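Spelled out from the first residue to the last, the chains are:
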Amino acid sequence: MVLYGAIAGEAYFRGVAGERFAVRNSGATAVVEGVGDHGCEYMTGGAVAVLGVTGRNFAAGMSGGIAYVLDLDGEFVKRCNTTMVDLEPVLSESEQQGKLARELWHRGQADEAILKDMIGRHAKLTHSRRAREILEKWTDYRARFVKIFPKEYRRALGELAAAQRKAAA
């Protein structure tokens, strides 16, 4: 169990984590090359990128933050608990602008920029061959990432934006 209840910071792991990676993460940013069962369970904030396979029950109870998973085998949907999350493609910034109101963007940034930055830092700090390959073939790999977007987080971002618009009026 790593990053259990983490509230801040960054962590980069060149290798595969065991079960319950980033459970109850509420603010840390992390990159790992695979996880066991129950990854990002009850996560409430932060950002996680998984550059490989996950175990079962990924995102169970996830209500906040964002996760990105490289779905190499096309089977991630079977290992993800989609009760509280939506699975979406990682779009280019221009595509995201056309499909999702900016107020619903994680940290106000495009997913592609967030993910590419996370992988770039991972490559720099861990010398990961996998991260370097993903960056070198970014267009091909981006299309294979899945964004895990909690329904509650989307709702909260929308309510916050509505309150800000009302206050500005």
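Below is a summary of the structure that appears in this document. Every residue gets a number counted from 1 within its own chain, in the order that chain's sequence is written. This being a predicted model, a pLDDT of at least 70 is required before a residue's local features are given, and a value of 80 or more before pairs of side-chain atoms are given or counted; all residues contribute to the totals for chains, interfaces and linings. Excluded from the side-chain calculation are hydrogens and water; included are all heavy atoms of the structure.

Let us now look at the nonpolar core. Counting residues in hydrophobic clusters, the biggest one holds 26 residues, and the most contacted among them are Leu-51, Tyr-68, Leu-115, Met-118, Ile-119, Ile-134 and Phe-145. Helix and strand definitions here come from DSSP, where helices need a minimum of 4 consecutive H or I residues and strands a minimum of 2 consecutive E residues; each element is numbered from the N-terminal end. Looking at this core, the elements with two or more residues in it are strand E3 (44-50), strand E4 (64-70), helix H3 (111-126), helix H4 (129-136), helix H5 (138-142), strand E6 (145-150) and helix H6 (151-168). Considering every element that reaches this core, the biggest residue donor is H3, with 5 residues. Grouped together as the second largest cluster of nonpolar side chains are 24 residues, Ala-22, Phe-58, Ala-59 and Ile-148 included. Here, nonpolar core refers to any group of buried Ala, Val, Leu, Ile, Met, Phe, Trp, Tyr and Cys residues whose side-chain atoms link them within 4.5 Å. Buried residues are those whose accessible area, probed at 1.4 Å on protein chains only, stays under 20% of the maximum for their type, while exposed residues exceed 50% and partly exposed ones sit between those limits.

With that settled, consider the sheet that holds strand E5 (residues 85-89). Strand order in the open sheet made by the 6 strands is E1-E2-E3-E4-E6-E5, with mixed pairing throughout. Strands at the two margins of the open sheet, each flanked by one partner only, are strand E1 (10-12) and E5. In this sheet, adjacent strand axes meet at a mean angle of 15° when their direction is disregarded. Two strands pair under a simple rule: DSSP has to find at least two bridges between them. With 5 bridges connecting them, E5 and E6 associate as antiparallel partners. Paired with Leu-87 across the strands is Ile-148, a residue of E6. Only C-alpha atoms enter the line fits that serve as axes; for helices the fit covers just the stretch in contact. Angles between N-to-C directions range over 0 to 180 degrees.

Right, let's get into the environment of Pro-150. Residue position: Pro-150 is located in strand E6. Spatially, the C-alpha atom of Pro-150 lies 7.3 Å from that of Ile-66, the residues being 84 residues apart in sequence. Residues count as neighbours in contact if any of their non-hydrogen atoms are within 4.5 Å of one another. Once you skip the residues sitting within four places of it in the chain, Pro-150 turns out to touch Met-62, Ser-63, Gly-64, Gly-65, Met-84 and Val-85.

Here is the rule: rings of Phe, Tyr and Trp (six-membered ring for Trp) pair when centre to centre is within 6.5 Å. Planes less than 30 degrees apart are stacked, more than 60 are edge-to-face, and the remainder are tilted. Counting across every chain of the model gives 4 aromatic pairs. Here the aromatic rings of Phe-58 and Phe-76 are separated by 5.5 Å at their centres, their planes lie at 70°, and the arrangement is edge-to-face. With Phe-58 in the loop between E3 and E4 and Phe-76 in helix H1 (residues 76-79), this residue pair connects regions lying 18 residues apart in the sequence. Take Phe-58 and Phe-76: they sit in the same class, and that class is buried.

Turning next to the pairing of strand E2 (residues 26-32). Regular strands place their side chains on alternate faces of the sheet. The buried count for E2 comes to 5 of 7 residues, which makes it a mostly enclosed element. Where E1 and E2 come together, 3 bridges link them in parallel fashion. Bridge pairing in E2 links Tyr-12 to Val-31.

Turning our attention to unusual backbone geometry. Of note in the backbone geometry, Arg-24 takes a positive phi value of approximately 60° without being a glycine. With respect to the element layout, Arg-24 can be found in the loop between E1 and E2. Even without being glycine, His-38 reaches a positive phi, approximately 65°. Structurally, His-38 is set in the loop between E2 and E3. Here His-38 falls in the buried class, since its relative accessible area comes to 10%.

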